[in-house]
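Examining the three-dimensional arrangement
Now for the letters of each chain:
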Amino acid sequence: MVPSKKVCLAILERMLAIRHFEGRVAELYGAGRLPGFVHLSLGGEAAAAAVCACLRVDDHIISTHRGHGHSIAKGADLKGMMAELFGKSTGLCKGKGGSMHIADARVGMLGANGIVGAGFPIAVGAGFSAQYRGTDQVTVCFFGDGASNHSTFHEGLNLASIWSLPVIFLCENNGWAISIRQSEHQRVENVADRASAYGVPGASVDGGDAIAVYEAMSEAVRRARRGKGPSLVECRIERWRGHFEGDPQAYRSKKENEVWRDKSRDPLERFKKTLLGRKLLTAAQFDQMEEEVRARIEEAVRFAEESPLPAAEAALEDLYAPRP
Ligand SMILES: Cc1ncc(C[n+]2csc(CCOP(=O)(O)OP(=O)(O)O)c2C)c(N)n1
């Protein structure tokens, strides 16, 4: 399905939010202002935003260690996200999750996850729950090419297939698993080819093309909502930054490290150009949207900076086990 003008502008706005949120996070992390590890999703904005544009607020997503973009795309609160990255008590997870474990259940974002492959069983569980409760909610499980070698991927796809669960397995194939090229860790070129082993439809699309992602994804969502079962959608994207912030990336060539310099491959520039060309957007509207997004992010940074750190006693709150 071709996205309407309203949907296109919503996708663009989320892409801008991801771009500027992460750009700011890169600066803050580089200046030593954020604790922990940070993995950015710059280069993957179109995939995250277009996938989530096909979902309802009550649909679920499960993310990876590279989850800021997915969370923003699903509508997570920017102030709460920024405060979470700062480890502050006003963060979405009260500062206990940090960059790799952000969750925002209010918008169906069930959680990022630092354990590669750990999202599949959670997604299958969420899909089973929706089916059992008789809702038409859909679950999207984001993962990388590296994670598709994990046993949980195969078990998850198999279970979702035999039970016809409303789960979409969404591979963001950036060609790398830390420092290992995709061709060195798997023989298939398209992760989507693995779908046929489980009797599930698979599609591989240019993840830098927001409209192509939206079209493939809306088809998968339609199937899932009608009870026709899971799909595997692969978005081929580029990883602009190192595996994590601070990664010297000695394993990539200079050209690969600077892929972001090529504007013709920038998903945001590409989408902007498409929308301008189709007269769905003017340059002035774009500038205004960008300015508003930047202002919201600065407000989020201020909120995070001014928020208090969690009290030491809070470490014992929100635990499943009873206190001793
Ligand atoms: C179970 C497990 N094994 C190994 C790691 C270390 N690790 C972190 S990210 C990563 C690579 C993941 O690659 P991919 O799934 O392609 O995601 P990308 O980082 O490219 O987005 C590995 C091996 C981990 N966190 N968890």
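Attention here is on the structure that accompanies the text. (Residues numbered from 1 in each chain as written. Predicted model: local features only at pLDDT ≥ 70, side-chain atom pairs only at ≥ 80, totals over all residues. Heavy atoms only, no water.)

**Structural notes on the side chain of Glu-172**
Position of Glu-172 relative to the elements: it lies in strand E3 (residues 167–173). Beyond its immediate stretch of four places on either side in the chain, Glu-172 contacts Gly-44, Ala-47, Ala-48, His-70, Phe-142, Phe-143, Gly-144, Asp-145, Cys-235 and Ile-237. (Helix = DSSP H or I, 4+ residues; strand = E, 2+ residues; numbered from the N terminus. Contact = heavy atoms within 4.5 Å.)

**Some remarks on the site of the ligand**
The environment of the ligand is formed by 14 residues, the closest being His-65, Arg-66, Gly-146, Ala-147 and Trp-176. Between His-65 and the ligand, the recorded distance is 2.8 Å, taken from a side-chain N or O atom to an oxygen atom. In the model, an oxygen atom of the ligand is placed 3.2 Å from a nitrogen or oxygen of the Asp-145 side chain. Here the ligand loses 70% of its free accessible area of 580 Å² to cover by the protein chains. (Near = heavy atom within 4 Å. Polar contact = N/O pair within 3.5 Å; in protein donor to acceptor, adjacent residues only side chain to side chain. Areas by Shrake-Rupley, 256 points an atom, 1.4 Å probe, with all protein chains shown as cover.)

**Things to note about the nonpolar core**
If you look at the biggest cluster of nonpolar residues, it comprises 71 residues, and the most contacted ones within it are Leu-12, Phe-21, Met-82, Val-140, Met-217 and Phe-271. Of all the elements, helix H1 (residues 5–30) adds the most residues to this core, at twelve residues. Those residues in contact with Leu-12 that lie beyond four places of it in its chain are Leu-268, Phe-271, Leu-275, Leu-281, Phe-286 and Met-289. The next biggest cluster of nonpolar side chains, apart from the first, holds 19 residues, and it includes Ile-62, Ala-123, Val-124 and Ala-147. (Core = buried A, V, L, I, M, F, W, Y, C linked by side-chain atoms within 4.5 Å. Buried < 20%, exposed > 50% of the residue type's maximum accessible area, 1.4 Å probe, protein only.)

**Considerations on the packing of helix H5 (residues 119–133) against helix H6 (residues 151–162)**
Packed helices, taken two at a time, are described by their axes: the angle between them and the distance between them. Following both chains from N to C, one finds H5 and H6 inclined at 15°, their axes separated by 8 Å at the closest point. Considering their axes alone, H5 and H6 lie roughly parallel with respect to each other. Pair H5 / H6 crosses with left-handed handedness. Contacts between H5 and H6 involve Phe-120, Pro-121 and Val-124 from the former and Thr-152, Phe-153, Gly-156 and Leu-159 from the latter. Residues belonging to the contact of H5 with H6 are distributed by class as follows: five nonpolar, two polar and no charged. (Axes fitted to C-alpha atoms, helices over the stretch in contact; angles between N-to-C directions. Parallel < 35°, antiparallel > 145°, perpendicular 65-115°, else oblique. Left-handed = near helix turned anticlockwise from the far one by under 90°. Nonpolar A, V, L, I, M, F, W, Y, C, P; charged D, E, K, R; others polar.)

**Concerning the pairing of strand E2 (residues 139–144)**
With five of its six residues buried, E2 lies for the most part within the structure. Pairing of strand E1 (residues 60–62) with E2 involves three bridges; the strand directions are parallel. Directly across from Ile-61, in E2, lies its bridge partner Val-140. Handedness of the crossover is the feature at issue here: the chain leaves E2, passes through H6, returns alongside E3, and the resulting connection is right-handed. (Pairing = 2+ DSSP bridges. Right-handed = clockwise from strand over helix to strand, strands pointing away.)

**Examining a nonpolar patch on the surface**
There is a patch of nonpolar side chains on the surface, built from Phe-128, Tyr-132, Ile-162 and Trp-163 and spanning about 490 Å² of accessible area. Judged by relative accessible area, Trp-163 falls into the partly exposed class, the value being 40%. (Patch = residues over 30% accessible without salt bridge, like charges linked within 9 Å, V, L, I, M, F, W, Y side chains within 5 Å. Salt bridge = Lys/Arg side-chain N within 4 Å of Asp/Glu carboxyl O.)

**So, the packing of H1 against helix H11 (residues 283–306)**
The N-to-C vectors of H1 and H11 enclose an angle of 45°; their axes lie 9 Å apart at closest approach. Looking at the two axes, H1 sits oblique to H11. Handedness of the H1/H11 crossing: right-handed. Here H1 contributes Leu-9, Leu-12, Glu-13, Leu-16, Ala-17, His-20, Phe-21, Arg-24 and Leu-28 to the contact with H11, which in turn contributes Phe-286, Met-289, Glu-290, Val-293, Arg-294, Arg-296, Ile-297, Glu-298 and Val-301. In the contact of H1 with H11, the residues fall into eleven nonpolar, one polar and six charged.

So far we have only geometry, and geometry alone does not tell us how the molecule works.
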